[in-house]
Amino acid sequence: MDKPSYKDFCFNGTGTFELASIPTGLGIDEGLKKKYVEATRKNVERIAELQERLYADRREGLLVMFQAMDAAGKDGTIEHVFSGVNPQGVEVTCFKTPSKEELAHDYMWRAWKALPERGMIGVFNRSYYEDVLVVQVHQMQKGYNMAQRNIGLPSDEFYAQRYEQLSNFEKYLDQNSYRVVKVFLNVSQEEQHARFLSRIEEPVKNWKFSAGDLAESALWPQYMEAYQQVISNTSSVAAPWYVIPADQKFVARYLVSELVKDVLEDIDPQFPQLSEEEVAAMQPLREQLLAERNGEEA
């Protein structure tokens with residue numbers, strides 16, 4: 001079975017990007033779902049193996065960011081792709097509406113605090129890109145407690161500055177041994193509404209529904225334009241965007257699992273090798289442990 005590749009949905013800043021030309025679904029036969037689920041499971045196992053090496057190696061860190069419209073499947077994708085990873089080796093941060101304290105700092109402050117250590121996988125459920133997406137759609141910067149020389153700029157100039165800042169930040173991370181993976185789960189508005197309906201109609205999903213989500217969906221054209229601008233202006237070879245078709249959850253989860261697995265394999269983390277002296281120093285301790293164990297057994 002030939003499966004789609006995440007590489008077909010990668011934009012690294014070269015050429016022209018058109019969000020409208022990227023499919024939200026691939027029309028994969030639902031009868032193949034079990035095969036995709038099994039392929040995802042195998043990828044998750046491999047991710048867990050590589051994560052253990054990454055944790056031991058500690059020379060590189062991995063930051064995986066998820067952006068999407070509501071109900072696109074961020075939570076489920078994160079749950080499925082990182083389900084096999086040792087909890088000690090992964091940190092998930094959910095970026096919600098900024099707190100009063102966060103708004104008193106520069107917009108990247110909360111992201112800086114959430115960066116993983118090298119050797120860890122950091123997962124951002126939404127990210128600092130909210131500050132050029134929802135903030136831009138609602139023009140929130142106009143109400144910020146900032147100097148007029150900043151918030152008084154024309155909107156396109158204000159956000160052009162932020163695109164540059166974000167690109168420089170990701171270049172900085174790359175130069176400090178962090179891999180940056182940016183995923184946009186590209187769901188259609190029709191599928192989004194179908195998922196909203198299931199949240200209303202299925203009691204176990206009622207808690208997921210928010211009237212505010214529907215209000216944001218009404219701004220779909222504005223959000224698509226914002227994503228078009230963001231992806232066009234913040235993609236690079238070191239930190240490309242992956243615009244993953246998300247109308248079929250099992251396909252999106254498979255593609256993301258392939259992507260994370262391949263990035264970790266490219267990092268190629270290794271377990272540290274001890275020197276001959278260090279190995280030799282452990283031998284007396286080994287003999288001591290063996291003697292104590294034999295004594296207990298006797």
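A short tour of the structure in this document, coming up. (Residues numbered from 1 in each chain as written. Predicted model: local features only at pLDDT ≥ 70, side-chain atom pairs only at ≥ 80, totals over all residues. Heavy atoms only, no water.)

## Things to note about unusual backbone geometry
Step number 1: Phi angles above zero are rare outside glycine, and R58 is one such case at about 60°.
Step number 2: With respect to the helices and strands, the residue R58 is situated in the loop between α1 (33-57) and β2 (61-68).
Step number 3: Although it is not a glycine, D268 sits at a positive phi angle of roughly 55°.
Step number 4: Relative to the helices and strands, D268 resides in the loop between α11 (249-267) and α12 (276-297). (Helix = DSSP H or I, 4+ residues; strand = E, 2+ residues; numbered from the N terminus.)

## Overview of the nonpolar core
Step number 1: The biggest cluster of nonpolar side chains holds 81 residues, and the ones touching the most others in it are F66, F82, Y128, Y129, L185, I244 and L264.
Step number 2: With 11 residues, α11 is the largest single contributor of residues to this core.
Step number 3: For F82, the contacting residues outside a window of four places in its chain are V64, F66, I121, V123 and V260. (Core = buried A, V, L, I, M, F, W, Y, C linked by side-chain atoms within 4.5 Å. Buried < 20%, exposed > 50% of the residue type's maximum accessible area, 1.4 Å probe, protein only. Contact = heavy atoms within 4.5 Å.)

## Topic: the sheet that holds strand β3 (residues 90-94)
Consider a sheet: its strands pair through backbone hydrogen bonds, and that pairing is either parallel or antiparallel.
Step number 1: The six strands are arranged β1-β6-β5-β2-β4-β3 in an open sheet whose pairing can be described as mixed. The open sheet has two free edges, formed respectively by β1 (10-11) and β3, since each of these has just one partner strand.
Step number 2: Sheet analysis places β1 next to strand β6 (residues 241-245), joined by two bridges and oriented antiparallel. Of the residues in β6, the one forming a bridge with F11 is W241.
Step number 3: Strand contacts of helix α7 (residues 155-175): β2 and β5 (178-186), with the helix running at about 135° to β5, the strand carrying the most contacts. (Pairing = 2+ DSSP bridges. Axes fitted to C-alpha atoms, helices over the stretch in contact; angles between N-to-C directions.)

## So, the pattern of salt bridges
Step number 1: Scanning all chains against the criterion turns up 19 salt bridges.
Step number 2: The salt bridge partner of R126 is D70, with a shortest N-O separation of 2.8 Å. Residue R126 is found in the loop between β4 (121-125) and α5 (134-137), and its partner D70 is found in the loop between β2 and α2 (74-81); the two are separated by 56 residues along the sequence.
Step number 3: Exposure remark for D70: the relative accessible area of 17% places this residue in the buried category.
Step number 4: Taking the shortest distance from any N to any O, the salt bridge between K205 and E202 comes out at 3.6 Å. (Salt bridge = Lys/Arg side-chain N within 4 Å of Asp/Glu carboxyl O.)

## With respect to α11
Step number 1: Under the 1.5 Å per step criterion, the end-to-end length of α11 is 27 Å for 19 residues, consistent within 8% with the ideal 27 Å.
Step number 2: The element α11 is largely enclosed, with a buried count of 15 among its 19 residues.
Step number 3: Taken from the residues just after α11, D268 is the one with a positive phi, measuring 55°. (Expected span 1.5 Å × (residues − 1).)

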